[in-house]
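Each chain, written out:
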Amino acid sequence: MTIESHIVSEGTEKVRLSDYAGGIFKTVSSRKGMKKAIDKELVLLNGKIAKTGHFIFAGDVIELMENSDKNRPTIELTLEVLYEDEHLAIINKPAGIEVSGNKKWTLENALSSNLKPSIESDTLKFPEPIHRLDYPTSGALLIGKTATTVIALNKMFEERKVKKIYHAITIKKMDESGTIETPIDGKPSQSSFTVLKTLVSERFSYLNLVELELQTGRRHQLRKHLSKIGNPILGDRDYGKKGLILSGKGLYLHATSLRFRHPITNVELNIEAAFPKKFKKLFP
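Thresholds applied
Residues numbered from 1 in each chain as written. Predicted model: local features only at pLDDT ≥ 70, side-chain atom pairs only at ≥ 80, totals over all residues. Heavy atoms only, no water. Buried < 20%, exposed > 50% of the residue type's maximum accessible area, 1.4 Å probe, protein only. Helix = DSSP H or I, 4+ residues; strand = E, 2+ residues; numbered from the N terminus. Pairing = 2+ DSSP bridges. Core = buried A, V, L, I, M, F, W, Y, C linked by side-chain atoms within 4.5 Å. Polar contact = N/O pair within 3.5 Å; in protein donor to acceptor, adjacent residues only side chain to side chain. Patch = residues over 30% accessible without salt bridge, like charges linked within 9 Å, V, L, I, M, F, W, Y side chains within 5 Å. Areas by Shrake-Rupley, 256 points an atom, 1.4 Å probe, with all protein chains shown as cover. Salt bridge = Lys/Arg side-chain N within 4 Å of Asp/Glu carboxyl O. Lys, Arg positive; Asp, Glu negative; His and termini not counted. Charge placed at Lys NZ, Arg CZ, Asp CG, Glu CD. Phe/Tyr/Trp six-rings, centres within 6.5 Å; stacked < 30°, edge-to-face > 60°. Lys NZ or Arg CZ within 6 Å of the ring centre and 35° of its normal.

Caption draft 1: Here's a closer look at the pairing of strand β15 (residues 253–261). Burial of β15 is extensive: seven of the nine residues sit out of reach of the surface. In terms of strand pairing, strand β10 (residues 138–146) meets β15 through two bridges, oriented parallel. Among the inter-strand pairings, Ser-138 is bridged to a residue of β15, identified as His-254. Two elements, β15 and strand β16 (residues 268–272), share five bridges in a ladder whose sense is antiparallel. By the bridge assignment, Arg-259 is partnered in β16 with Asn-270. Between β15 and β16, which pair antiparallel in sequence order, lie six residues; one of them, Asn-266, sits at a positive phi of approximately 70 degrees.

Caption draft 2: Up close: the nonpolar core. The biggest cluster of nonpolar side chains holds 39 residues, and the ones touching the most others in it are Tyr-166, Ile-169, Leu-212, Leu-234 and Leu-253. Elements with a minimum of two residues in this core: β8 (88–93), β10, β11 (163–171), β13 (191–201), β14 (205–214), α4 (221–228) and β15. Top element by residues in this core is β14. It accounts for five residues. Judged by nonpolar contacts, the second largest core, of 18 residues, contains Ile-130, Leu-142, Ala-147 and Leu-258.

Caption draft 3: Spatial organisation of the sheet that holds strand β6 (residues 61–65). With respect to topology, four strands assemble into an open sheet ordered β1-β6-β3-β4, the strand pairing being antiparallel. Each edge of the open sheet carries a strand with a single partner, namely β1 (2–7) and β4 (48–49). In terms of strand pairing, strand β3 (residues 43–45) meets β4 through two bridges, oriented antiparallel. The residue of β4 that forms the bridge with Leu-44 is Ile-49.

Caption draft 4: Geometry of unusual backbone geometry. If you check the backbone angles, Arg-160 has positive phi at about 55 degrees while not being a glycine. Here Arg-160 is to be found in the loop between α3 (147–158) and β11. The phi dihedral of Ser-205 is positive, around 75 degrees, even though this residue is not glycine. Position of Ser-205 relative to the elements: it lies in strand β14.

Caption draft 5: Representation of the pairing of β6 in the model. For β6, a buried count of four out of five residues is recorded, marking the element as mostly surrounded by other parts of the structure. Bridge count for β1 against β6 is five bridges, and the pairing is antiparallel. Considered in β6, the bridge of Ile-7 is made with Val-61. Pairing analysis gives three bridges linking β3 to β6, with the strands arranged antiparallel. Across the sheet, residue Val-43 finds its bridge partner in β6, namely Leu-64.

Caption draft 6: A look at the side chain of Gln-221. You can see Gln-221 is positioned in helix α4. Note on Gln-221: relative accessible area 2%, which makes it buried. Separated by 2.8 Å, the side chain of Gln-221 and the backbone oxygen of Gln-190 make a polar contact. Of note is the side chain of Gln-221, whose polar atom sits 3.0 Å from the backbone nitrogen of Arg-218.

Caption draft 7: Region of interest: a positive patch on the surface. A surface patch of positive charge is lined by Lys-249, Lys-277, Lys-280 and Lys-281. With respect to the helices and strands, the residue Lys-249 is situated in the loop between α4 and β15. Look at Lys-249 and you get partly exposed, because its relative accessible area is 49%.

Caption draft 8: The arrangement of the packing of aromatic side chains in detail. For the structure shown, the criterion picks out two aromatic pairs. Ring geometry for Phe-275 versus Phe-279: centroids 5.5 Å apart, planes at 40 degrees, classification tilted. Phe-275 gets classed as partly exposed once you look at its relative accessible area, which sits at 25%. Here the aromatic residues Tyr-252, Phe-275 and Phe-279 are joined through ring pairs into a cluster of three or more. Between Lys-14 and the ring centre of Phe-55, over which it is positioned, the NZ or CZ distance is 4.4 Å.

Below is the structure:
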């Protein structure tokens, strides 16, 4: 089944598909991702399986097909479904699992056994995560169930129309609120924080329950930003302070809520994922 199609614009001269195709589809937005799709024979050029070395010309039709690999692995992992309809779902991702990747044990491979098949004509055989949460991070994760919805949600993320709220427990004394704008990997980055509660800690001086919002979406942005201002997240092995890294409890970072307007029904959604038990033990 075709997910997206693209007609090469007039004036396009002879160019290799691999040099042209990156970014033409919403569901595969990067050049690297497009190459993988071509290698998996999911891209058609004028109705035939495309190769990276094929040349394209004005008027050619490029199509992206659904990945219906029958050999794709599935795993048995019970997930908490926070919201679901025919178009999308929001699940509460457990800490300690990758969202997707080449490994069998990924959250993506557990979606089919936790979500109901959509009755829409463009239903996806394998529901697709729209964004990512780090391996040690828990919380609300948005899933697309149809090709149309995946395209719409990807566009909404690009246009920053999905509001994501996180909560973390940080260490050391910190300001009541603020904005962090330290560049990450040379790119502009912005995070805002508000301290909700604080308690005195013999080992960590202070522990803070902090609400966080991303204005940009860099890799490990919240973890890096909080570490930069001297208040790393409790349990952060990568960006924590030596001698002050809590072991055995994981990272205290949770994606608490997603707020957005449903791309199909136009209903305003605000879906929340309850704090993990480890949060509640410190801040009942």
